[in-house]
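Chain by chain, the residues:
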Amino acid sequence: MFIKNDRTKENTFNNVRGEFDLYVSSGDKIVTEKEGFFADTIHYTGQKVLMVYLKRSSIYIPEVSVVARRSPEEVLKQRQEDFSKAYKLADPGSIFSVGPTGAGVSIGAIYSMFSREAKNARRLTRIIRQEYEDNVIDSKFTPDLVSNLTGLSGRKLSNFMSNFRPSYYFVTVATPYELSSYIRSKYEIFKLNPNLRFLPTLPDINLEVNN
């Protein structure tokens, strides 16, 4: 708190116990100020102790850091724009074409279907799709939600979220109540062995064999 003698302009601050030193004479005005409070003035008339009561000028709200994050849909749309060529190659369209002379086979579609470039494009679009599904899960199955429902934090929270990560299908159809019930039920299992770490699911590997 800032304290000032209005006559001499001398000023000081109080310590953690509310004590302060200031030279004053009878009749001086002692001005007290503190951020978030209305200033007050005390008339000194020889008091041995000065009691200061300040009224709040506003309700204190702790500082909150807000980080803007894009939604999974926005990230997917950006990926599709960035890799539009890959999406075109990955989906060549119908292999049959109809022209002035009748129906036929689209050579371009067949090439796009079996070329190495098209295979790489389809692999890339699968990766982007998996990223999207992971982002959807992360947007609903959050550390804050799990911590609020279970009280977990730190390594135990990380273990729980790794071991009991829900599927993409479940989080897209589950209501908030159903997701909360899922977390609570898995927490009962987790409490039996909180240090257990499940082995991660091995990824599917497609081997291309050229004869």
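Cut-off values and rules
- Residues numbered from 1 in each chain as written.
- Predicted model: local features only at pLDDT ≥ 70, side-chain atom pairs only at ≥ 80, totals over all residues.
- Heavy atoms only, no water.
- Pairing = 2+ DSSP bridges.
- Helix = DSSP H or I, 4+ residues; strand = E, 2+ residues; numbered from the N terminus.
- Axes fitted to C-alpha atoms, helices over the stretch in contact; angles between N-to-C directions.
- Parallel < 35°, antiparallel > 145°, perpendicular 65-115°, else oblique.
- Left-handed = near helix turned anticlockwise from the far one by under 90°.
- Contact = heavy atoms within 4.5 Å.
- pLDDT = per-residue confidence, 0-100.
- Phe/Tyr/Trp six-rings, centres within 6.5 Å; stacked < 30°, edge-to-face > 60°.
- Buried < 20%, exposed > 50% of the residue type's maximum accessible area, 1.4 Å probe, protein only.

Peer 1: Kindly report on the sheet that holds strand 2 (residues 11–13), identifying the contributing residues and their values.
Peer 2: Sheet strands line up and pair through hydrogen bonds in the backbone, either parallel or antiparallel. If you walk across this open sheet you meet the four strands as 2-1-3-4, and the pairing is antiparallel. Unpaired on one side and paired on the other, strand 2 and strand 4 (40–43) mark the two borders of the sheet. Shown here is a sheet whose adjacent strand axes are inclined to one another by a mean of 25°, direction ignored. By the bridge criterion, three bridges tie strand 1 (residues 2–5) to strand 2 in an arrangement that is antiparallel. Bridge pairing in strand 2 places Phe2 opposite Phe13.

Peer 1: Explain the packing of helix 6 (residues 154–163) against helix 8 (residues 176–190) to me, using residue names and the numbers behind them.
Peer 2: How two helices sit against one another is set out by the angle between their axes and by the gap between those axes. Viewed as axis vectors pointing N to C, helix 6 and helix 8 meet at an angle of 115°, and their least axial separation amounts to 11 Å. With respect to their mutual orientation, helix 6 and helix 8 come out roughly perpendicular. The two elements helix 6 and helix 8 cross, and the hand of that crossing is right-handed. Contact residues: Lys156, Asn159 and Phe160 in helix 6; Ile183, Lys186, Tyr187 and Phe190 in helix 8.

Peer 1: I'd like a description of the confidence of the model for the chain, backed by residues and values.
Peer 2: Of the residues in the chain, 74% reach a pLDDT of 70 or more, and the chain-wide mean stands at 77. Within the model, the stretch residues 101–107 combines pLDDT values under 50 with 13 contacts to residues more than four positions away or in other chains.

Peer 1: Any details on the packing of aromatic side chains? Residues and values, ideally.
Peer 2: Counted under the stated rule, the structure contains five aromatic pairs. A centroid spacing of 5.2 Å and a plane angle of 45° characterise the contact between Phe160 and Phe164, whose relative ring orientation is tilted. Between the aromatic rings of Phe170 and Tyr182, the centroid separation amounts to 5.2 Å while the plane-to-plane angle is 45°, which identifies the pairing as tilted. With Phe170 in helix 7 (residues 168–173) and Tyr182 in helix 8, this pair connects stretches of sequence that are twelve residues apart. Judged by its relative accessible area of 24%, Phe170 is partly exposed.

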